[in-house]
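Chain and residue survey
As a plain string of letters, each chain reads:
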Amino acid sequence: MQRLSNNFRPQFTDEEVTTIYLWGIIQRKFETKAIHTYIKMHLRDWFPKLPSYQAFDRRLTELTPAFCAIAQRLMEEKPMEAIDMNILLMDSMPILLAKASRSGHAKVARELCAKTYNASRKQWYYGVKLHMVAYKRHHTLPYPKLLFVSEASCHDLPIARQMLQDIECSGFSLLGDKAYSEAKWKERLEQQGIHLLTPAKMQPGDPPRLPGGDAFDTCVSSARQPIESFFNWLHEKTAIQAASKVRSFKGLLLHIFARLAAALSLLSFHF
């Protein structure tokens with residue numbers, strides 16, 4: 001990221017802003033105010049030009065594209081030696097700006113957010129979805145390959161079609177849940193060299209399943225369980241799903257991609 005304004009070399013650099021914020025998230029300080037206060041009280045000798053909280057917060061918001069770039073760079077530096085048997089995992093997770101009764105009145109970041117029902121949590125919420133395609137790794141968490149943020153109300157299948165439209169992963173198997181089960185899309189993926197595996201989605205009037213069908217569904221569900229573990233780990237380390245303090249569209253993107261960058265740094269460097 002390059003500054004083109006007259007103040008293109010501020011005394012408190014963009015690198016310092018980025019470093020402080022990522023460090024704060026890794027240290028489980030999930031609010032900007034808490035990060036700024038800690039640096040001010042305990043690490044002022046390291047950052048003597050630390051600006052006021054208001055200026056620090058404003059600089060962070062303007063640096064949102066930099067955090068997107070950091071996350072992208074970290075995904076590109078994937079540990080290929082740990083990839084498990086050419087398997088890709090696919091799923092999505094909700095990011096909540098408001099839930100339950102508050103979801104009907106939320107207005108923040110309307111450019112991207114929407115209200116929808118989360119069946120697994122059995123609650124309405126207002127927010128977005130984070131979609132992910134990840135490499136399955138042996139005895140550890142998956143490593144993200146593709147990430148996409150959509151309205152919460154978007155169905156997973158159209159987003160998956162868009163994410164994987166031009167992917168080059170010939171020889172991979174792609175594991176997902178029933179939401180991704182569609183014959184036409186499976187056929188198109190086969191032409192790309194990707195074999196889609198999902199639990200069977202039974203429709204009214206379908207013939208009885210063959211013996212062993214339930215065992216296949218159980219096997220697929222078990223094999224794709226690590227991506228659910230990744231989402232749980234991601235929220236535990238970064239509180240990414242709790243976005244109730246977000247107050248703007250740029251703030252939402254900062255919340256998401258800064259936390260992704262922090263989490264990917266943890267995966268990459270084994271902190």
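Please refer to the structure higher up on the page.
Quick notes on the packing of helix 3 (residues 53-62) against helix 4 (residues 64-76)
Two numbers describe how helix 3 lies on helix 4: the axes approach to 4 Å, and their chain directions differ by 55°. Of the possible angle classes, the one that applies to helix 3 and helix 4 is oblique. Contact residues: Leu60, Thr61 and Glu62 in helix 3; Thr64, Pro65 and Phe67 in helix 4. Class assignment of the residues belonging to the contact of helix 3 with helix 4 gives a composition of three nonpolar, two polar and one charged.

Observations concerning the environment of lysine 250
For lysine 250, the position within the fold is in helix 9 (residues 249-269). For lysine 250, a relative accessible area of 41% gives the class partly exposed. The sequence separation of lysine 250 and threonine 64 amounts to 186 residues, and the corresponding C-alpha distance is 7.0 Å.

Quick look at the side chain of lysine 129
The topology assignment puts lysine 129 in strand 3 (residues 123-137). A distance of 3.1 Å separates polar atoms of two side chains, one belonging to lysine 129 and the other to aspartate 156. Excluding residues that lie within four positions of it along the chain, lysine 129 makes contacts with Ser92, Met93, Phe148, Val149, Ser150, Glu151, Ala152, Cys154 and Asp156.

Remarks on helix 1 (residues 14-26)
A rise of 1.5 Å per residue sets the reference length of helix 1, with its 13 residues, at 18 Å; its end C-alpha atoms lie 19 Å apart and thus fit the reference within 8%. When helix 1 is considered as a whole, its buried residues turn out to be Asp14, Glu16, Val17, Thr18, Ile20, Tyr21, Leu22, Gly24 and Ile25. Following helix 1 by one or two positions, arginine 28 adopts a phi angle in the positive range, close to 65°.

Overview of the nonpolar core
Core analysis: the largest hydrophobic core is formed by 59 residues, its most contacted members being Phe67, Leu234, Leu252 and Ile256. Per element, the largest residue contribution to this core is 13 residues, and it comes from helix 9. Not counting chain neighbours up to four residues away, the residues in contact with phenylalanine 67 comprise Thr18, Tyr21, Leu22, Leu60, Leu254, Phe257, Ala258 and Ala261. In this structure, Leu88, Val133, Ala160 and Leu189 belong to the second largest nonpolar core, which totals 18 residues.

Let's talk about the packing of aromatic side chains
Taken as a whole and assessed by the stated rule, the structure comprises seven aromatic pairs. Judged by centre distance (5.8 Å) and plane angle (70°), the ring pair of tyrosine 21 and phenylalanine 67 falls under edge-to-face. A residue pair is termed long-range when its members are at least 10 positions apart, and tyrosine 21 in helix 1 and phenylalanine 67 in helix 4 qualify at 46 residues. Per residue, the accessibility class of tyrosine 21 equals that of phenylalanine 67, and both read buried. Grouped by ring-pair contacts, the aromatic residues Phe230, Phe231 and Trp233 constitute a single cluster. A cation over a ring is seen here: lysine 33 above tyrosine 53, with NZ or CZ 4.6 Å from the ring centre. Positioned above the aromatic ring of tryptophan 124 is the side chain of lysine 115, whose terminal nitrogen or guanidinium carbon lies 5.3 Å from the ring centre.

Conventions and cut-offs
Residues numbered from 1 in each chain as written. Predicted model: local features only at pLDDT ≥ 70, side-chain atom pairs only at ≥ 80, totals over all residues. Heavy atoms only, no water. Axes fitted to C-alpha atoms, helices over the stretch in contact; angles between N-to-C directions. Helix = DSSP H or I, 4+ residues; strand = E, 2+ residues; numbered from the N terminus. Parallel < 35°, antiparallel > 145°, perpendicular 65-115°, else oblique. Contact = heavy atoms within 4.5 Å. Nonpolar A, V, L, I, M, F, W, Y, C, P; charged D, E, K, R; others polar. Buried < 20%, exposed > 50% of the residue type's maximum accessible area, 1.4 Å probe, protein only. Polar contact = N/O pair within 3.5 Å; in protein donor to acceptor, adjacent residues only side chain to side chain. Expected span 1.5 Å × (residues − 1). Core = buried A, V, L, I, M, F, W, Y, C linked by side-chain atoms within 4.5 Å. Phe/Tyr/Trp six-rings, centres within 6.5 Å; stacked < 30°, edge-to-face > 60°. Lys NZ or Arg CZ within 6 Å of the ring centre and 35° of its normal.

Coordinates in, geometry out; function isn't part of it.
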